[in-house]
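Report on the structure
Each chain, letter by letter, is given below.
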Amino acid sequence: MEVEMETKMQESNECVKKKIKTEPDEERYDNKNMSDSPCESVPSTSESPNKETQLKDSCDPLSLIKNAVVVLTRLPDYKISALRPPTPQQFYSEDDSYSSSDSDMLWEQDDDSSDSDFSLSNNKRKTQKKNSSRNGNNNEQAPIIVSSAFAHCSTETTKVRPNLPEKEVAVGMMILAKRKTMKWQRGKIVDIVTKEDGRLKYKVCFEEKGRSLVSGHHIAFDTTPDLEQLYVGARVVVRFPDHKFRPGVLSELPSRKNRLRFLVFIDDHTPLYLGLPSFHLVCRPLDDILEDIPDDTHKAFMARYLRDWPYPHLTQYKSGQMLNVQLNGVYQRSEVQAVDCSVMQVLFQDTQVREWIHRGSIRLQHMARFLDINTVEEQDYDSD
């Protein structure tokens, strides 16, 4: 059997040699290229199951060469995405535009979004629908109201004063003291008076003439505080660009979400983003700092804000969007000019006056309605 097989192979080889000798040069070149092709290693699907019969019945050399088959398969989109290198996160800088696409303030939420920083509960979604249906203006789209997470570590969620030693307040110190409700000035402590009930009063001589006897929660250190002394809810005095001083409450610590700035609410409900050098800590704040806020409406807003922190409610507006904003007790038509993290600039249509306002302010008609409905739902839940 082996001799017979060997004889057949020799006959086939001789046949191949004769065929090659009679082939034109072009055909031989093509056949050589086919045999040298890297695709030769691909298994052929047309190979005959009986090699002995093929060798016996045909002397054609092309019948001895395997046919190369290349199959191209398109990968699914999710596999292609997985093969792409990740894009590094970009951090905010002070030079970024208000309309930067990297800003989460310009992010528009889809109904099925599950982003934890902007997620809404079912109850809040229902509230928004109720709020939208009560507007009575089909041309105006009600904004999304989100609960933005600003805290990135456990210390940022703390709303109590850090357990640090109190700095000394002594005669001869330069301080900032309350002159009027919304006006603080630089002065020097010239005397410390102890009242019959044990309370301390500080006699201050102002640089701009005048004297005053004030309590410990109406004086502030003239020096810049350490970062570890600041916390959400701290009672502070801030210096404006015109070098005037106003009292307020610290409401955001620096993070990537607010471009590494502090947010403070002035006692007249004005929000400001500031750097550390603009802050002055009140020397002896009250246990309940809200008692020192003169305006009842702003006091109620700050109470809710501190209660909800680090998830304060924010409206989601875009530049160019129209809305109603309260000014001097009356809602006025306004247009969003710019959005900067938790605040936005609005232009009042009647007076053409621009003003920065917090996106969770009760001066916004949509937010006021949302809070009213939310308050009613909370009361109904408590009664149950």
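Remember, predicted model here, so these are calculated numbers, not experimental data.

Rules used throughout
Residues numbered from 1 in each chain as written. Predicted model: local features only at pLDDT ≥ 70, side-chain atom pairs only at ≥ 80, totals over all residues. Heavy atoms only, no water. UniProt positions renumbered as here; feature names shortened; annotations may be inferred. Helix = DSSP H or I, 4+ residues; strand = E, 2+ residues; numbered from the N terminus. Pairing = 2+ DSSP bridges. Axes fitted to C-alpha atoms, helices over the stretch in contact; angles between N-to-C directions. 1 Å grid on protein atoms, 1.4 Å probe; cavity = no way out; pocket = protein on both sides within 12 Å on 5 of 7 lines; lining within 4 Å. Points joined across faces, edges and corners; volume = space filled by probe spheres on them. Nonpolar A, V, L, I, M, F, W, Y, C, P; charged D, E, K, R; others polar.

**Brief notes about the UniProt feature "domain: Histone methyltransferase Tudor" (unreviewed entry) in the protein**
Per the UniProt record, "domain: Histone methyltransferase Tudor" (unreviewed entry) is found at residues 230-268 and 318-365. Helix makes up 0% of residues 230-268 and strand 46%, whereas the separation of the span's terminal C-alpha atoms amounts to 21 Å.

**A word on the sheet that holds strand 13 (residues 322-327)**
Spatial ordering of the open sheet is given by 13-14-15-16, a layout of four strands whose pairing is antiparallel. On the outer flanks of this sheet lie strand 13 and strand 16 (354-358), each paired with one strand and no other. For this sheet, the mean inter-axis angle between neighbouring strands, taken without regard to orientation, is 50°. Pairing analysis gives six bridges linking strand 13 to strand 14 (residues 330-340), with the strands arranged antiparallel. Paired with Asn324 across the strands is Arg333, a residue of strand 14.

**Thoughts on empty space enclosed by the protein**
Empty space among the atoms can be located by rolling a probe the size of a water molecule over them. This model, assessed by the stated rule, comprises two cavities of 30 Å³ or more. By volume, the largest cavity is sized at about 110 Å³. Looking at the largest cavity, the residues that line it are Phe301, Arg304, Tyr305, Asp308, Pro312, His313, His358, Gly360, Ile362, Met367 and Leu371. Those elements that place two or more of their residues in the lining of the largest cavity are helix 6 (296-308) and helix 7 (365-383). In this structure, the second largest cavity encloses a volume near 40 Å³. Lining of the second largest cavity is provided by Lys167, Phe221, Thr223, Thr224, Pro225, Gln229 and Leu281. By residue class, the composition of the lining of the second largest cavity is three nonpolar, three polar and one charged.

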